[in-house]
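If you want the building blocks of each chain, they are given just below.
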Amino acid sequence: MRIATLVCCGALLAGCGQISGAPSVPQSPTNLGAAPPGRDSSGQYYSSLYSFNGKANGGSPQAGLVSYNGELYGTTSSYGKGYGTVFKVDAFGKVTLLHTFTGYPDGAYPMAGLIWYKNAFYGTTSAGGAHGGGTVFEMAPSGAVRVLHSFGKGADGAQPESALVEYGDIFFGTTLNGGSKNRGTAYEVAPNGDERVMHSFTGSRTDGSHPSAGLTVVKGIFYGVTRAGGKNAGGGTAFKMSAFGVVQVLHSFKVQPGDGSNPAGTLLYLGGIFYGTTLHGGSIGRGYGTVFEMNADGVEGVMHSFGANSDGAFPSAGLVSVSNELYGTTTGGGSGARKSNECISSGVRYQSASYYKCGTIFEIDKAGKETVVYRFEGYPDGANPEASLTVAGDVLYGTTDWGGTSTYYGTIFSFFP
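From a predicted model like this one, the values you see are computed outputs, not experimental measurements.

Cut-offs and rules
- Residues numbered from 1 in each chain as written.
- Predicted model: local features only at pLDDT ≥ 70, side-chain atom pairs only at ≥ 80, totals over all residues.
- Heavy atoms only, no water.
- Pairing = 2+ DSSP bridges.
- Helix = DSSP H or I, 4+ residues; strand = E, 2+ residues; numbered from the N terminus.
- Axes fitted to C-alpha atoms, helices over the stretch in contact; angles between N-to-C directions.
- Disulfide = S-S within 2.5 Å.
- Buried < 20%, exposed > 50% of the residue type's maximum accessible area, 1.4 Å probe, protein only.
- Salt bridge = Lys/Arg side-chain N within 4 Å of Asp/Glu carboxyl O.

Visitor: Can you walk me through the sheet that holds strand β18 (residues 237–241) in this structure?
Guide: Two modes of strand pairing occur in sheets, parallel and antiparallel, and in both the strands are linked by backbone hydrogen bonds. Pairing is antiparallel across the open sheet formed by four strands, whose spatial order is β16-β17-β18-β19. Sheet topology places β16 (216–218) and β19 (247–252) at the edges, where each strand pairs with a single neighbour. On average, each strand axis in the sheet is tilted by 25 degrees relative to the strand beside it, whichever way the strands run. Of the pairings in the sheet, the one linking β16 to strand β17 (residues 221–226) comprises three bridges and is antiparallel in character. Directly across from V217, in β17, lies its bridge partner F222.

Now the structure itself:
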């Protein structure tokens, strides 16, 4: 279904594997956005920049990257000394370890990427800290970390899995669990560490539950998604929230063929329309996920249903925009592994053929025409990307949770669309 009438609500406030041709990387480590010379006829290249090995630099990156001063910064969800790391990587694939999480007091298992704001990085960990429910932290470019807030005490939120968004010198985010009903929260935290729960989700028909994605700010209103809750208890919601924490459900996803279910990625706002993905649902087979569009009034339409043939399946991250096209990743689907145990898709409710495949990078236009532009194969390129892509000039950068030369620990890659 396509949206018939769209309502604009204003501007957003804020080793190499390849498709074909000789592998190439940007010519300068401080020019991440440089396209390679001599592309092949398709104009596309994939390059695996770095394979994690589960040692000091960490492993299993489940978050996207952020560009700062000609390099990319990111997190690994585990390994290092056991609790995850923060790293930086240049365009040649040289990785530098910046911080190793210890569980207490700095947190453990970061699932989200970093944001840059006023000379420092800010991020979250999904566990650890003073109360075991995760943390919000500030990190200097040198890697020195200061905990701003520890989750998990009383009716506070717990287990933040999404990146922060800054608005009006305050950081905003969501927690998967915690709150007054243990169904998750939306919160704000000041740079001095003062934190306030804006909304505790209840899972009711007029609410949602367990938000795992970040918030999108449009004209001072916050928009987001929940994995569950709403009119269809297993389907999840898209919602808007005022600065006072009042939530209005815009769309309840249906647990039935046609609509998607269980939205997982942060909404992308372009030209008055929100674009997002659902981990499950859609019109193919047992439901391998969708790309959807939604206007500010909650009128929603499925643009693409995943899962046909060698298409991707189970998109767990949001979308990015490049030259008026949308790009994203799927955790499963695509191609099978070159070797055993090199693909393992997470977040699925049942095992299927797509479960054992390695994931994809896809392109979709605003008319809903989708093209798989890269299929992961596990070795040596990586497998099962969980995170959204990062745009730097003409280049897309990302991470895979699995695969690479060490099989189980994931990769950092670049893709030239």
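Visitor: Looking at this structure, how should I read the sheet that holds strand β30 (residues 370–375)?
Guide: Pairing within the open sheet is antiparallel, and its four strands lie in the order β26-β27-β29-β30. Strand pairing shows two members of the sheet lacking a second neighbour, β26 (320–322) and β30, which therefore form its edges. Neighbour-to-neighbour, the strand axes of this sheet turn through a mean angle of 30 degrees, independent of strand direction. Examined bridge by bridge, strand β27 (residues 325–330) and strand β29 (residues 360–364) share five bridges and lie antiparallel to one another. The residue bridging T330 from the neighbouring strand is T360, located in β29.

Visitor: Help me understand the state of the cysteines, please; the structure alone is not making it clear to me.
Guide: Each disulfide consists of a covalent bond between the sulfur atoms of two cysteine residues. Within the structure shown, the criterion is met by one disulfide. C343 shares a disulfide with C358; S-S distance 1.5 Å. In this pair, C343 sits in the loop between β28 (332–333) and β29 while C358 sits in the loop between β28 and β29, placing the two residues 15 residues apart along the sequence. Assigned by exposure class, C343 and C358 land together as buried.

Visitor: Please clarify how the pattern of salt bridges should be interpreted in this entry.
Guide: Any two side chains of opposite charge can pair, on the condition that their charged atoms come close. Evaluated as defined, the whole model comprises four salt bridges. Between E138 and R146 there is a salt bridge whose closest N-O contact spans 3.2 Å. Residue E138 is classed as buried on the basis of its relative accessible area, which comes to 18%. For E188, the salt bridge goes to R196, with nearest N and O atoms at 3.2 Å.

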